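Residue-level listing of the chains:
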Amino acid sequence: MSLVLDSAAQDLLFREARTANTFSDEPVTDEQVQAIYDLVKYGPTSFNSTPLRITLVRSPEARERLVKHMAEGNQAKTASAPLVAILSADNEFHEELPQLLPHFPQAKDAFFSERTVREQASVVNASLQAGYFILGIRAAGLAAGPMTGMDFAGIQKEFLDADHTPLMVVNIGKPGEDAWFPRSPRLEFDQTITTV
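Cut-off values and rules
- Residues numbered from 1 in each chain as written.
- Predicted model: local features only at pLDDT ≥ 70, side-chain atom pairs only at ≥ 80, totals over all residues.
- Heavy atoms only, no water.
- Buried < 20%, exposed > 50% of the residue type's maximum accessible area, 1.4 Å probe, protein only.
- Helix = DSSP H or I, 4+ residues; strand = E, 2+ residues; numbered from the N terminus.
- Arc of directions from axis to C-beta.
- Contact = heavy atoms within 4.5 Å.
- 1 Å grid on protein atoms, 1.4 Å probe; cavity = no way out; pocket = protein on both sides within 12 Å on 5 of 7 lines; lining within 4 Å.
- Points joined across faces, edges and corners; volume = space filled by probe spheres on them.
- Nonpolar A, V, L, I, M, F, W, Y, C, P; charged D, E, K, R; others polar.
- Pairing = 2+ DSSP bridges.
- Polar contact = N/O pair within 3.5 Å; in protein donor to acceptor, adjacent residues only side chain to side chain.
- Salt bridge = Lys/Arg side-chain N within 4 Å of Asp/Glu carboxyl O.

## Focus: helix 2 (residues 30-40)
- For helix 2, the full list of buried residues reads Val33, Ile36 and Val40. Along the long axis of helix 2, the arc covered by the buried residues comes to 60°, so they all point the same way. Away from its buried face by more than 90 degrees, helix 2 exposes Glu31 and Leu39.
- In this structure, the buried residues of helix 2 make contact with strand 1 (52-57), strand 2 (83-90) and helix 7 (115-139).

## Re the layout of surface pockets
- Empty space within the largest pocket amounts to approximately 320 Å³.
- As for the largest pocket, its lining consists of Phe14, Ala17, Arg18, Thr19, Asn21, Arg138, Trp180, Phe181, Pro182, Arg183, Ser184 and Arg186.
- When grouped by side-chain class, the residues that make up the lining of the largest pocket number five nonpolar, three polar and four charged.
- In this model, the second largest pocket occupies a volume close to 200 Å³.
- Lining the second largest pocket are Tyr37, Val40, Asn48, Ser49, Thr50, Leu52, Arg53, Ile54, Glu96, Leu100, Gln129 and Tyr132.
- Looking at the lining of the second largest pocket, the elements with two or more residues in it are helix 2, strand 1 and helix 7.
- Here the lining of the second largest pocket gets three residues from one element, more than from any other, and that element is strand 1.

## Here's the deal with the pairing of strand 3 (residues 143-147)
- Taken across its five residues, strand 3 has four buried, putting it largely inside the fold.
- Here strand 3 pairs with strand 4 (residues 164-173) via five bridges, running antiparallel. Counted as the bridge partner of Ala144 is Ile172 from strand 4.

## Overview of the environment of Asn21
- You can see Asn21 is positioned in the loop between helix 1 (7-15) and helix 2.
- It is 7.9 Å that separates the C-alpha atoms of Asn21 and Asp178, two residues lying 157 residues apart in sequence.
- Beyond its immediate chain neighbours, meaning those up to four positions away, Asn21 contacts Lys77, Ala179, Trp180 and Phe181.
- Only 3.5 Å separates the side chain of Asn21 from the backbone oxygen of Thr19, close enough to count as a polar contact.
- Within the local environment of Asn21, its side chain forms a polar contact with the side chain of Lys77, the two groups lying 3.1 Å apart.

## Focus on the pattern of salt bridges
- Counted under the stated rule, the structure contains 11 salt bridges.
- The residue Asp38 makes a salt bridge to Lys41 at a minimum N-O spacing of 3.7 Å.
- Its salt-bridge partner being Glu92, residue Arg115 comes within 2.9 Å of it at the nearest N-O pair. On the criterion of sequence distance, the pair formed by Arg115 in helix 7 and Glu92 in the loop between strand 2 and helix 5 (97-100) is long-range, its members being 23 residues apart.
- Residue Arg115 is classed as partly exposed on the basis of its relative accessible area of 26%.
- Shared partners join several salt bridges into a network, and the residues in it are Glu92, Arg115, Arg118, Glu119 and Asp163.

This is how it looks when you write it as structure tokens:
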């Protein structure tokens with residue numbers, strides 16, 4: 001193969017990794033979440049904007065509030081996962097640019113003074129970071145269950161504010177019994193790659 005990453009790591013991150021639908025009771029620690037973040041924070045975003053914000057739902061009261069906003073088919077999974085994260089895009093990410101882009105601090109006002117521009121940039125870049133976050137969960141030996149079947153407006157009102165756009169909810173933990181649905185097909189190389 002032409003990949004530098006060894007086969008075991010390829011399997012862990014991609015080929016054998018699956019979306020978990022059930023989880024064991026083993027807790028996910030703050031140290032594990034810190035290690036995941038410390039790895040994935042290096043993923044690229046435009047202007048080094050890093051607009052992803054992660055809300056960890058740990059308390060039973062918060063979990064109950066979240067579950068009611070999940071689609072019916074996602075409620076039991078979210079209620080029973082050891083840890084749940086709400087991933088959102090910070091539409092005011094530009095306020096951090098002088099720190100994150102010290103060689104070009106004027107980018108804050110030169111490119112992101114308009115709210116609509118910021119909203120588009122934050123969703124695109126936070127979505128990139130959400131993908132990194134899922135890979136980081138897998139790199140920690142945990143399973144991720146990302147879901148977009150939810151009441152976005154309800155979650156925003158319940159947990160966020162008008163400056164944060166919810167992207168997805170991710171259940172996190174060690175896989176439980178019958179955690180996997182059968183793997184769905186994927187498109188082949190020649191169905192997706194075009195050379196011009």
